[in-house]
Amino acid sequence: MRFLHTSDWHLGRSFHRVGMLGAQAEFIGHLVTTVREREVDAVVVSGDVYDRAVPPLSAVELFDDALHRLADRGVPTVMISGNHDSARRLGVGAGLMGRAGIHLRTEPSACGTPVLLPDAHGDVAFYGLPYLEPALVRDEFGVERAGHETVLAAAMDRVRADLAARPPGTRSVVLAHAFVTGGRPSDSERDIAVGGVASVPAAVFDGVDYVALGHLHGCQTLTDRVRYSGSPLPYSFSEAGHRKSMWLVDLDADGSVTAERVDCPVPRPLARIRGTLEELLADPALAPHEEAWVEATLTDPVRPADPMARLAERFPHTLALVFDPDRPPDDPDVSYARRLAGRDDQQIAEDFVAHVRGAGPDAHERTVLRDAFDAVRADEAAREVAR
């Protein structure tokens, strides 16, 4: 069976205030063309179909168009909800759409119930594991401690139990939306850490033939059988080095896997440039970036006048301007944003305690802070589910 693995469409998202709907529509057209030209048997979408729980109408219309085009080609599609989606909203009409070959898996309780797609060698069981917010699904899976690894392990136990009851030779594909250890994140993914831990080991998914991951926006291979497709478009300048693509996966009769990257259309390249304003305006080596979307970091010791307007004369698509003067890290004039760069909420809170009290939090206090952050994030997730 040949299937196309993609994820993280984030329909409705913009890029530094630049609307991406046209580029997203171009990607959908490219996906449908790839399905036709490469004789694809199925499409899997591993979460974050939309960028937010209540997407704009234009994004919903594009999603509807994508489903109609795939259904018209008679190509089964399996998709799960991600941490940006409202699982309940995405899953509306799932039963009816399933009759047209569009299989939405948004309910945690259905993790062990596969979509069965046959080929010449028997059935391939596609198991959809939607994003599992630990605090919201711990009762469903009967786990004592709410963490990503425990709930995913419980979900995979259901997958393996169902697979064991099926005829020998049944091949298996799992769709999951998670941060798996070894994956490389970017700046555009929403933090999903619980108890200070965001990632789960790849071994959680042992026992299946292929794991189609979503959440991280860079295309990457963790093992031959565990892969991220990445997002089809960039959503932060940290993705400037990404090659945006999908995986074209061939699953043979014995469950062996071969995978090929299929490049996605590039609406405009990304560039991160750094130097003084005069250097950026004069450096001939930067000529290839003049038509790119640009993030410019200025290192001038004093902020120059009208930097964005002057940069736009040479780089008309400059979208982000960062002021980062070359100074030693302990310089009192180093910006607050620079001091916080790379630090998570827990670290910032612990630093604040140390600043106001003269000593950092002890082990018990760190646990209280962590539990507070987890409770707030779980409450926000519950509010999105209820919307």
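Read on for an overview of the structure. (Residues numbered from 1 in each chain as written. Predicted model: local features only at pLDDT ≥ 70, side-chain atom pairs only at ≥ 80, totals over all residues. Heavy atoms only, no water.)

For the rest of this paragraph, the subject is the environment of R158. Here R158 shows up in helix α6 (residues 148-164). For the pair R158 and D362, spaced 204 residues apart in the sequence, the C-alpha separation amounts to 40 Å. Not counting the four nearest positions on each side in its chain, R158 is found in contact with P108, S109, G112, E140 and F141. At 2.7 Å, the side chain of R158 and the backbone oxygen of E140 are in polar contact. (Helix = DSSP H or I, 4+ residues; strand = E, 2+ residues; numbered from the N terminus. Contact = heavy atoms within 4.5 Å. Polar contact = N/O pair within 3.5 Å; in protein donor to acceptor, adjacent residues only side chain to side chain.)

Taking strand neighbours across the sheet as the criterion, the three strands line up as β17-β18-β19 in an open arrangement whose pairing is parallel. Strands at the two margins of the open sheet, each flanked by one partner only, are β17 (270-275) and β19 (318-323). Taking the axes of each pair of neighbouring strands and ignoring which way they run, one obtains an average angle of 15° across the sheet. Relative to the sheet, helix α8 (residues 307-314) contacts β18 (293-298) and β19, its axis offset from that of β19 by approximately 135°. (Pairing = 2+ DSSP bridges. Axes fitted to C-alpha atoms, helices over the stretch in contact; angles between N-to-C directions.)

The next thing to look at is the sheet that holds strand β8 (residues 122-129). Taken in spatial order, the six strands of this open sheet run β7-β8-β9-β12-β14-β13, and their pairing is mixed. Because the sheet does not close on itself, it has two edges, and the strands there are β7 (115-119) and β13 (220-223). This sheet shows a mean twist of 20° between the axes of neighbouring strands, independent of strand direction.

Moving on, we get to the pairing of strand β16 (residues 257-263). In the sheet, strand β15 (residues 245-251) pairs with β16 via seven bridges, with the strands oriented antiparallel. Paired with V249 across the strands is A259, a residue of β16.

Attention now goes to unusual backbone geometry. Backbone geometry at H16 places phi at a positive 50°, although glycine is not the residue there. Here H16 shows up in the loop between β2 (14-15) and β3 (18-19). Overall, H16 belongs to the partly exposed group, its relative accessible area being 31%. Phi at D48 takes a positive value of approximately 55°, unusual for a residue other than glycine. (Buried < 20%, exposed > 50% of the residue type's maximum accessible area, 1.4 Å probe, protein only.)

Further remarks concern helix α5 (residues 134-141). When α5 is considered as a whole, its buried residues turn out to be P134, V137 and F141. Angularly, the buried residues of α5 cover 85° about the axis, an arc narrow enough to put them on a single face. Each element contacted by the buried residues of α5 is listed here: α6. Of the residues trailing α5, G142 is marked for its positive phi of about 65°. (Arc of directions from axis to C-beta.)

Before going further, it helps to examine the pattern of salt bridges. Within the structure shown, the criterion is met by 17 salt bridges. Notably, a salt bridge pairs D162 with R166, separated by 2.7 Å at the nearest N-O pair. Its relative accessible area of 25% is what places R166 among the partly exposed residues. One salt bridge connects R314 with E290, and the closest N-O pair in it is separated by 2.9 Å. On the criterion of sequence distance, the pair formed by R314 in helix α8 and E290 in the loop between α7 (277-282) and β18 is long-range, its members being 24 residues apart. Here the salt bridges share partners, and the residues they tie into one network are R274, D324 and D326. (Salt bridge = Lys/Arg side-chain N within 4 Å of Asp/Glu carboxyl O.)

A separate point is the packing of aromatic side chains. As enumerated under the stated definition, the model contains six aromatic pairs in all. With 5.4 Å between their ring centres and 70° between their planes, F3 and Y210 make a pair best called edge-to-face. Of the two residues, F3 sits in strand β1 (residues 2-6) while Y210 sits in strand β12 (residues 210-214), which places them 207 residues apart along the sequence. On the basis of an interplanar angle of 70° and a centroid distance of 5.8 Å, the ring pair of W9 and F27 is categorised as edge-to-face. (Phe/Tyr/Trp six-rings, centres within 6.5 Å; stacked < 30°, edge-to-face > 60°.)

This paragraph deals with the environment of I80. The topology assignment puts I80 in strand β5 (residues 77-80). Using a relative accessible area of 0% as the deciding quantity, one classes I80 as buried. Sequence separation of I80 and Y127 is 47 residues, and the distance between their C-alpha atoms is 9.6 Å.

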